[in-house]
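Spelled out from the first residue to the last, the chains are:
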Amino acid sequence: MPATDLASPPPFERLYAEHHGWLRDWLRRKLGNAHDAADLAHDTYLRLLRSGHVPPQDASRRHLAQVANGLVVDLYRRRAIEAAYLDALAALPPALVPSPEERALAVEALVQLDAALQSLAPKARAALLLCRLDGLGYCEISTRLGVSVSSVEKYVAAALLACHRALQP
């Protein structure tokens, strides 16, 4: 028997072999849906593979659950964004409703923008939203946030830059 047959599998393969079934079942119980559970279990291992990090054996399930939990949050957030977008589209005349492909691209862009906004400091996110959605001027935003006008300018600039970067390929 060659020596390679006796060697243990690489750490990532061992992690997958030992815990994939458990992770998929854990996600199925959490989500109540076998298809989403299988997708998120797959995505969990992809994320670990891309990171190059394999947790120690004694922390494997805890680490897998933590990564998978983040993906569950992302799934629910994406669904909420998509539902809000579809609600907004329902108010449009049929001639203006985008194609399914355009809708998918728009939802993806909205998800990326949401992630960019969530990564910002709370005051930077608030400054951008008050400026762009509520139409407030920098002076009023500075009063509401309790910061200087120059801070509002910096917040809005940083937030716009983050949004721009999120939409770049």
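Going by the structure above, here's the rest.
For the structure given in this document, a descriptive report is provided here. Going along each chain's sequence as written, the residues are numbered from 1 onward. For a predicted model such as this one, the threshold for reporting local features is a pLDDT of at least 70, and the threshold for listing and counting side-chain atom pairs is 80 or more; totals across whole chains, interfaces and linings nevertheless cover every residue. Side-chain figures throughout are based on the complete set of non-hydrogen atoms in the structure, without hydrogens or water.

The next thing to look at is the pattern of salt bridges. We count a salt bridge whenever a side-chain nitrogen from Lys or Arg sits within 4 Å of a carboxyl oxygen from Asp or Glu. Taken as a whole and assessed by the stated rule, the structure comprises five salt bridges. The partner of Arg79 in a salt bridge is Asp36, and the shortest N-O contact between them spans 2.6 Å. With a gap of 43 residues between them, Arg79 in helix H4 (residues 60-90) and Asp36 in helix H3 (residues 34-51) connect regions that are remote in the sequence. Since its relative accessible area comes to 38%, Arg79 is described here as partly exposed. Between buried and exposed lies partly exposed: a residue is buried under 20% and exposed over 50% of the maximum accessible area for its type, with that area taken using a 1.4 Å probe on protein chains only. Exposure remark for Asp36: the relative accessible area of 14% places this residue in the buried category. Of the charged contacts, one joins Glu140 and Arg144 as a salt bridge, the two residues approaching to 3.7 Å between their closest N and O atoms. With a gap of four residues between them, Glu140 and Arg144 both fall in helix H7 (residues 138-145), about one helical turn apart. Note on Arg144: relative accessible area 53%, which makes it exposed. A run of DSSP states H or I qualifies as a helix once it reaches four residues; a run of E qualifies as a strand once it reaches two. Both are numbered from the N-terminal end.

Here the focus is the packing of aromatic side chains. Centres within 6.5 Å are what make two rings of Phe, Tyr or Trp a pair, Trp counting through its six-membered ring; a difference in plane orientation under 30 degrees is then read as stacked, over 60 as edge-to-face, and the rest as tilted. Across all of its chains, the model carries three aromatic pairs by this definition. Plain terms: the ring middles of Phe12 and Tyr45 are 6.0 Å apart, the flat faces sit at 85 degrees to each other, and that makes the pair edge-to-face. Taken together, the residues Phe12 in helix H2 (residues 11-31) and Tyr45 in helix H3 connect sequence positions 33 residues apart. On the basis of relative accessible area, Tyr45 is assigned to the buried category, the value being 3%. Ring centres of Tyr16 and Tyr45 lie 4.8 Å apart, and the angle between their planes is 65 degrees; this geometry places the pair in the edge-to-face category.

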